[in-house]
Amino acid sequence: MASDFVSVIKPTAKNSEGSEGANGKRPVPVLPVRDTVLFPHAVLPLTVGRESSIQLIQSLGEDKSILVVAQRDARQDAPQASDLYAIGTRATVHKVVKMPNQSLFVFTEGNERVLVGEFTQVQPFMTAEYELVAETEPVKTPEFEALERNVISQFQQIVSSSPTLSDDLQTIAINIEEPGRLVDFIAASLPFLTTTDKQELLETPDTTKRMERINQHLAKEIEVQQLRNKIQSEVQDSVQQSQRDYYLREQLKAIQKELGDVDESQKDIAELKEKIEAAGMPDEVKKDALKELARLSRMNAMAADYSLTRNYVEWLAVLPWAKSSAGEVDIKKAKEVLDDDHYGLKKVKDRILDYLAVRRLKPDMKGPILCFVGPPGVGKTSLGRSIAKSLGRKFSRISLGGMHDEAEIRGHRRTYIGALPGQIIQHLKRVEVNDPVFMLDEIDKLGRDFRGDPASALLETLDPEQNNTFRDNYLDQPFDLSKVLFICTANQLDTIPGPLLDRMEIIELTGYTEEEKVNIAERYLVPRQLKENGVDAAMIDFPTQSVALVARHYTREAGVRRLEQQIGTVVRKVARRIAEGATEKLTITPEVIHEFLGGIKVRVDTEIAERTKRPGVAVGLAWTPAGGDVLFIEANKMKGKGGFTITGQIGDVMKESMQAALTWVRSNAGRFGLEQDFTKDTDIHIHVPAGAIPKDGPSAGVTMATALVSLLTDTPVHPLTAMTGEITLSGNVLPVGGIKEKFLAAKRAGVRDVILPLECKTQVDEDLTTDQIGDVTIHYATRIEEVLAVALPTTLQEEAQDEAVREEVIHATA
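Owing to the predicted nature of the structure, the values given are computational and were not obtained by experimental measurement.

Chemist: I keep staring at the side chain of D444 and nothing clicks. Help me out?
Modeler: In this structure, D444 sits in the loop between β10 (437-441) and α16 (454-461). Here D444 falls in the buried class, since its relative accessible area comes to 7%. Here the side chain of D444 touches K445 through a polar contact of 3.2 Å, side chain to side chain. The contact partners of D444, leaving out residues within four places of it in the chain, are T489, A490, N491, Q492, T495 and I496.

Chemist: I'm lost on the environment of V97 in this one. Help?
Modeler: As for its position among the elements, V97 is in strand β5 (residues 87-98). Note: C-alpha distance between V97 and T47 (50 residues apart in sequence) is 9.5 Å. If near-sequence neighbours (up to four positions away) are discounted, V97 is found in contact with S103, L104 and F105.

Chemist: So what exactly am I meant to see when it comes to the pattern of salt bridges here?
Modeler: Any two side chains of opposite charge can pair if their charged atoms end up close together. A complete count under the given rule lists 19 salt bridges for this structure. The closest approach of N and O atoms between R90 and E112, which form a salt bridge, is 2.3 Å. Pair noted here: R90 is in strand β5 and E112 is in strand β6 (residues 104-121), with a separation of 22 residues, a long-range link. A residue is classified by how much of its surface remains accessible, and E112, at 21% relative accessible area, is partly exposed. E277 is the partner of K286 in a salt bridge, and the nearest nitrogen-oxygen pair spans 2.8 Å. Residue classification places K286 among the partly exposed residues on the basis of a relative accessible area of 24%.

Chemist: What is the right way to look at the nonpolar core in this model?
Modeler: The nonpolar side chains of a soluble globular protein tend to be buried with one another. Membership of the largest hydrophobic core comes to 58 residues, with the highest contact counts inside it found for F39, I66, F155, I186 and I214. Considering each element in turn, this core owes the most residues, seven residues, to helix α3 (residues 142-161). Contact partners of F39, with chain neighbours within four places excluded, come to T89, G110, R113, D184, A187, A188, K198, L201 and L202. With 53 residues, the next largest nonpolar core counts L391, V437, Y524 and V550 among its residues.

Chemist: How should I be thinking about the packing of aromatic side chains in this particular structure?
Modeler: The relation between two aromatic rings is expressed through the spacing of the ring centres and the mutual angle of the planes. The final tally for this structure, using the stated rule, is four aromatic pairs. Each ring, one from F105 and one from F107, has its centre 5.2 Å from the other, and the planes form 90 degrees; the classification is edge-to-face. Taking relative accessible area as the criterion, F107 reaches 28% and is therefore assigned partly exposed. The ring of Y312 carries R414 above its face, with NZ or CZ at 3.7 Å from the centroid. The cationic tip of K429 hangs over the ring face of W315; the distance from NZ or CZ to the ring centre is 4.3 Å.

Criteria and cut-off values
- Residues numbered from 1 in each chain as written.
- Predicted model: local features only at pLDDT ≥ 70, side-chain atom pairs only at ≥ 80, totals over all residues.
- Heavy atoms only, no water.
- Helix = DSSP H or I, 4+ residues; strand = E, 2+ residues; numbered from the N terminus.
- Buried < 20%, exposed > 50% of the residue type's maximum accessible area, 1.4 Å probe, protein only.
- Polar contact = N/O pair within 3.5 Å; in protein donor to acceptor, adjacent residues only side chain to side chain.
- Contact = heavy atoms within 4.5 Å.
- Salt bridge = Lys/Arg side-chain N within 4 Å of Asp/Glu carboxyl O.
- Core = buried A, V, L, I, M, F, W, Y, C linked by side-chain atoms within 4.5 Å.
- Phe/Tyr/Trp six-rings, centres within 6.5 Å; stacked < 30°, edge-to-face > 60°.
- Lys NZ or Arg CZ within 6 Å of the ring centre and 35° of its normal.

Right, dumping it as structure tokens:
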């Protein structure tokens, strides 16, 4: 009924009730109240809103006595007799005020404790008989007096510290002499007591027990107030300190701004925070970066870890987490760029254009891992630069040659002094985009030692399924490398570990023919050397035949690097003439080349013609990391006891091929007009120049057999004829590898007839164009007899023709 109240104890010691109301036999109206307990001698304002209660107040006549009893459950709107406490207070209604909302505002004064008896009426409001509850007066002992004083003292302390209690309550409490009235007054004045606590005090007639009970409540409240004050003080101190720090910092900034003296460290922190916010890094990485930045802001600039932490945060902030360079892919433009920059290389260009086409259809595709394998000087590195140009991407080259520390790839941990990220992250920082073209140069020349194996570290980098979460040791954060186009270069695949090789798509770049070299020189090399040496193109004329002369007789390589060096030498000689005052245009004739470069360095075609004049010499073809090359097999015989000598720094496989060739010749001696035991009194010696170069492999088997037959039958091999293939004891010719390199080497050497195993025809059709084959005749063989039929003359007329060809070749270049 009443949600709040103000209790006032009247100063009179006795209540002025008649004797008739004191006996409790006459029924009195019962006013149920909720959340409120009325104590004797207290004045309590009540708000009456229930219909039954309003009728009760309106029914009062001259006798204004009622029983005020608290409800057990405050939520009940129509309480019954059983819903009320047994002990209540007989009260007198002094004043009734009608409120605008039809409720009544009633001032009641408690008289004495009563025990509610039998209810005589429940409608329209309850009435009940009652009996007075006699209070037990305390015995005045020192203990009780001390308890009373303690209660008053605690009450005064609570009133003083409470902002809601009036200080007049202290004065009233001191002036109350009766202990029972004092306890009731204090209980009615304390807002923190619950209805249950107050009802318990009302139901306790023993003043001493009531005093002890109220003492406990007061002591508990004082303790709660002390804790609350402590918490409030701590919170207020913290807030005041943070506000003080904030104001001081703001004032410091304002003063520094006025003086133009900005704190550099705070300026750096602000700049780094802006970079981190703008970097577009993943949420987890950003969280760690801001955490490190907050740690940095709290550090003294002179601290040992300050520069280390700052470098780490700066690395995180400047990496291109979300910045890309690739836009719309124009395949036609890319093809034009590739064709302008490089001559030939059709297979490589097709693969790049295929990748571009797929990327146009699926922009979020993972970048392939390409590996260009080929001899030096064929344009592997420059091709990677052209690919980046055609894609419209940034290009960066990482040289892996001689790298032997795993940390070069993955970086060092931050605990080391001078630690840095690995080459991958460093180059990403330089290019400032997350989708560049990375060229990993000379991947076949990686080393390894006690510091780790860089090739194993590359396994994660070059795996599209793993490199989207590449974790550098220094950063210790995942970085997405899946958008990077990795291009590796190598001269050979033998030294690349199998797992690493398996992750790459191998594209072979073979050597160039003489015609291709001349085209490359005229399109690219000569103009570049003129520009680099400051020679005006109008001052020099470099005819095609002169370029071909340099390519043929002054270089012996699969690529064009040495050719460019020789052209550069010629151009520098011209530059010197111009610097000395020459003004006329110089045409580079063969005579001028001889003057500038000296005599002919390489006699490729005459060398074969001259060395095959005598029997026992055959020309083989070999594959080397620098491209293909011709290989001379020389056999000789002498009187002896059947010895067989092998020289020329030969490997075990090649020695076995020589043994197999000799065994086949001995088993077929009758076919060539030889005695069955022709080796009985003859020693045979096979030598493979040059002796200083290690050689191995089975592909020279047919060449050795041809050299032996040529020696034993005293028949020189056809001039300008070369061959390759593995031989078996039964005379079969087996396929070998490196056909394109070997064929181009033969063509560079002036060979006109090449003998290949029949099973290599597929490689010829796939790898060699019609222009590359040119006027060279290719013969295919499955048996050694077919090889001998092509390589050796069978009539005197053929021998005469061979001699004429030799003389023609030798004298043509003399």
